[in-house]
Structures are given as structure tokens and as C-alpha cells.
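# Residue-level structure breakdown
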Amino acid sequence: MTAMNRGAASSKLVRAPKTAEIIADHLRSSIVRGVIKNGDALPTEVELVKQFGVSRPTLREAFRILESESLIVVRRGSRGGVLVSTPESSVAARNFGLLLQMSGTTLADLYEARKVFEPAAAQMLAQRATAQDVEDLQAAAATLTALVDHGTVAADFGEWSAATFRFHDLILERSGNKTIALVGEVLREVVTRHMARVMAVAGGNHDETEKQFRRTIRTFNKFTALIEGRKGVEAKELWTTHMDRAGRSMLWGELAKETVLDLYV
């Protein structure tokens with residue numbers, strides 16, 4: 001096959017976008033750039049059909065594309081209309097969780113990734129932290145202390161887990177890097193399921209569990225002091241050490257071989 005023939009053959013593989021996709025692209029661009037804001041109503045179907053010069057079925061196909069992306073909400077009926085919405089992180093989390101399951105991602109693989117971006121976020125936080133950030137970290141650690149002191153860990157691990165993640169979330173949220181914060185948010189459900197799985201496998205050794213939790217609280221308090229002192233390198237090193245230790249308690253035995261899919265079946 002000549003170069004010209006190869007070029008002709010490859011050009012046949014290029015699919016021209018459908019009219020509905022072009023309309024969806026135009027509306028999506030207006031939404032993400034803020035021209036059309038969250039909560040705004042789009043023009044009526046009659047107006048949009050006239051604006052784009054298309055049929056109603058084509059316009060509604062464009063709506064379905066944007067609705068699947070959680071960028072709009074279509075309300076049908078006499079009081080219907082199309083409202084712009086902001087995609088929730090839960091949508092991305094659900095889809096990303098499915099990808100992790102279908103790709104056979106192991107829990108060890110997932111935790112290895114966390115050990116890369118969380119310590120990095122810790123160092124960023126130390127460099128940018130405000131007095132409010134420090135106060136919020138202190139409050140999160142105090143909440144954990146109260147839960148342990150009142151025996152809540154043994155009674156309700158879910159409450160402890162939520163409070164623990166609040167501390168992790170603060171590190172990611174206040175790092176100043178939006179991408180890192182969103183990655184942490186997307187992974188939260190998977191990590192929460194992992195922690196619950198660890199507790200179920202570990203059994204009811206509450207004394208050992210409480211001992212580990214109190215060690216975690218000491219680490220949180222020491223970490224907060226480093227953030228307040230703007231000691232980024234030390235904060236990163238401490239958080240790396242903490243995650244290494246936590247990883248050994250969360251990825252022992254068969255848990256080290258389990259996949260994300262095992263958390264959902």
C-alpha cells in the first residue's frame with residue numbers, strides 16, 4: 001500500500017462529530033467557562049432549536065449527553081426546563097471506582113499511590129498554611145481524642161473512620177492544589193471501605209485497636225505542630241512514616257493481595 005493509499009485509508013477512520021455532539025460541546029464550553037452558571041436555566045427548546053437550526057430530537061440528544069455528564073438537569077412536564085448543575089465528586093468517584101475494580105487494581109497499589117500524593121500535600125500545606133488551617137487540624141485531632149476517650153471506636157468504627165478522614169481531607173484540601181484535593185475526594189469511598197474491611201478481618205482486639213488509634217492521635221498532634229511551624233520537609237517525612245506504619249497494619253496477610261473489587265462483592 002502506498003503512502004497515499006495509507007493516508008486515504010486512515011482518513012476513512014476519522015468520524016465527523018454528530019450535530020448533537022457539536023451542540024453539546026458548545027453548551028458545555030459555556031457552562032465550564034461560567035458563561036452559564038450553576039442553577040441557571042437554559043433557553044427553551046423552541047429558542048435553542050431556532051438558535052442552532054436543528055430539530056428537537058437532535059437538541060434532546062445533546063441534552064442527554066450533558067445530562068450523562070451531570071452538567072444539566074432536565075425537568076420534564078408543564079413546569080419543565082433545563083437547569084445547569086455542578087457535577088458532584090460522587091459521580092467521578094463512582095466512575096473511578098468502577099475503573100479501579102475493572103482493571104484489577106489491588107489495595108496495595110491504591111495505598112502506594114496515596115503514599116505518593118499525601119506526603120507531598122503535607123509539605124505544600126506547611127508552606128501555605130493559615131492560622132485557620134492549623135486550628136482546623138487541631139480541632140480534628142481533638143475530635144479523634146474524644147472518640148477514643150469515650151470508647152466510641154469499639155462501638156462505632158464508622159464514626160472514627162469519618163473523623164480520621166477529616167484530618168486526611170484537611171491536608172489535601174488545604175494543600176493549595178485542587179487536583180490533589182479532588183483525587184483524595186474521589187478515592188475516599190474506596191479507602192473507607194478498605195478500612196472497614198481491615199477492621200472486619202482484624203476481629204475484636206479493642207485494646208490493640210485503641211493503642212493504634214492513640215498512636216495515630218499523637219502523630220496528628222505532632223504533624224499539626226510541624227505545620228504551624230512551617231516545617232515542610234519534616235511534615236512530609238512524618239506523614240510518610242505515618243503512612244508506612246499504617247500501611248503495614250492495613251495490608252497484612254491476604255489483605256495485601258486483595259483487589260478493589262473485593263471491597264464491593
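Structure's up top.
Not measured: the values here are computed from a predicted model.

Before going further, it helps to spend a moment on the overall build of the protein chain. Looking only at helices and strands, the protein chain features twelve helices and two strands. Taken from N to C terminus, the helices and strands of the protein chain fall in the order α-α-α-α-β-β-α-α-α-α-α-α-α-α. Burial analysis of the protein chain (265 residues in total) assigns 38% to the buried set. Across the protein chain, every contact between residues at least 6 apart in sequence was considered, and the portion connecting residues at least 24 apart equals 73%.

Regular strands show a simple pattern: their side chains alternate between the two faces of the sheet. Side chains of strand β2 (residues 81–84) alternate between two faces, with Val82 and Val84 buried and Gly81 and Leu83 left unburied. Of the strand pairs in this sheet, strand β1 (residues 72–75) and β2 are connected by four bridges, and their pairing is antiparallel. Bridge assignment links Val74 to a residue of β2, and that residue is Val82.

Moving on, we get to unusual backbone geometry. Even without glycine at this site, Ser70 takes up a positive phi of about 60°. Within the secondary structure layout, Ser70 lies in the loop between α4 (56–68) and β1. Within the chain, Arg230 stands out as a residue other than glycine whose phi angle is a positive 55°. Tracing the backbone shows Arg230 in the loop between α11 (206–228) and α12 (232–250).

Next up on the list: the packing of aromatic side chains. Applying the stated criterion across every chain yields a total of five aromatic pairs. Feature note: the residues Phe167, Phe220, Phe223 and Trp239 constitute an aromatic cluster, connected by ring pairs.

A word on the packing of helix α3 (residues 45–52) against α4. The geometry of α3 relative to α4 is characterised by a closest axis approach of 10 Å and an angle of 105° between their N-to-C directions. Comparing their axes, α4 and α3 come out roughly perpendicular. Across the interface between the two elements, Glu45, Val46, Leu48 and Val49 of α3 pack against Arg56, Leu59, Arg60 and Phe63 of α4. For the contact of α3 with α4, a count of residues per class yields five nonpolar, no polar and three charged.

On to the pattern of salt bridges. Taken as a whole, this structure holds 13 salt bridges when the rule is applied. Close ionic contact of Glu173 with Arg166 constitutes a salt bridge, the shortest N to O distance being 3.3 Å. Exposure remark for Glu173: the relative accessible area of 39% places this residue in the partly exposed category. Overlapping salt bridges bring together Asp25, Arg28 and Glu69 as one network.

A few words now on the side chain of His194. Note that His194 resides in helix α10 (residues 178–202). Judged by its relative accessible area of 2%, His194 is buried. Apart from residues no more than four positions distant in its own chain, His194 is found in contact with Leu107, Met250, Leu251 and Leu263.

Below, the discussion takes up the packing of helix α6 (residues 107–128) against α12. Where α6 meets α12, the closest approach of the two axes is 8 Å, and the angle between their N-to-C directions is 155°. The pairing of α6 with α12 is recorded here as roughly antiparallel in orientation. Remark: the crossing between α6 and α12 carries right-handed chirality. Counted together, Tyr111, Arg114, Lys115, Glu118, Pro119, Ala122, Gln123 and Ala126 of α6 and Gly232, Val233, Ala235, Lys236, Trp239, Thr240, Met243, Asp244, Ala246, Gly247 and Met250 of α12 form the full contact between these two elements. Residues of the contact of α6 with α12, tallied by class, amount to ten nonpolar, four polar and five charged.

Here is what the cut-offs are and how they apply
Residues numbered from 1 in each chain as written. Predicted model: local features only at pLDDT ≥ 70, side-chain atom pairs only at ≥ 80, totals over all residues. Heavy atoms only, no water. Helix = DSSP H or I, 4+ residues; strand = E, 2+ residues; numbered from the N terminus. Buried < 20%, exposed > 50% of the residue type's maximum accessible area, 1.4 Å probe, protein only. Contact = heavy atoms within 4.5 Å. Pairing = 2+ DSSP bridges. Phe/Tyr/Trp six-rings, centres within 6.5 Å; stacked < 30°, edge-to-face > 60°. Axes fitted to C-alpha atoms, helices over the stretch in contact; angles between N-to-C directions. Parallel < 35°, antiparallel > 145°, perpendicular 65-115°, else oblique. Nonpolar A, V, L, I, M, F, W, Y, C, P; charged D, E, K, R; others polar. Salt bridge = Lys/Arg side-chain N within 4 Å of Asp/Glu carboxyl O. Left-handed = near helix turned anticlockwise from the far one by under 90°.

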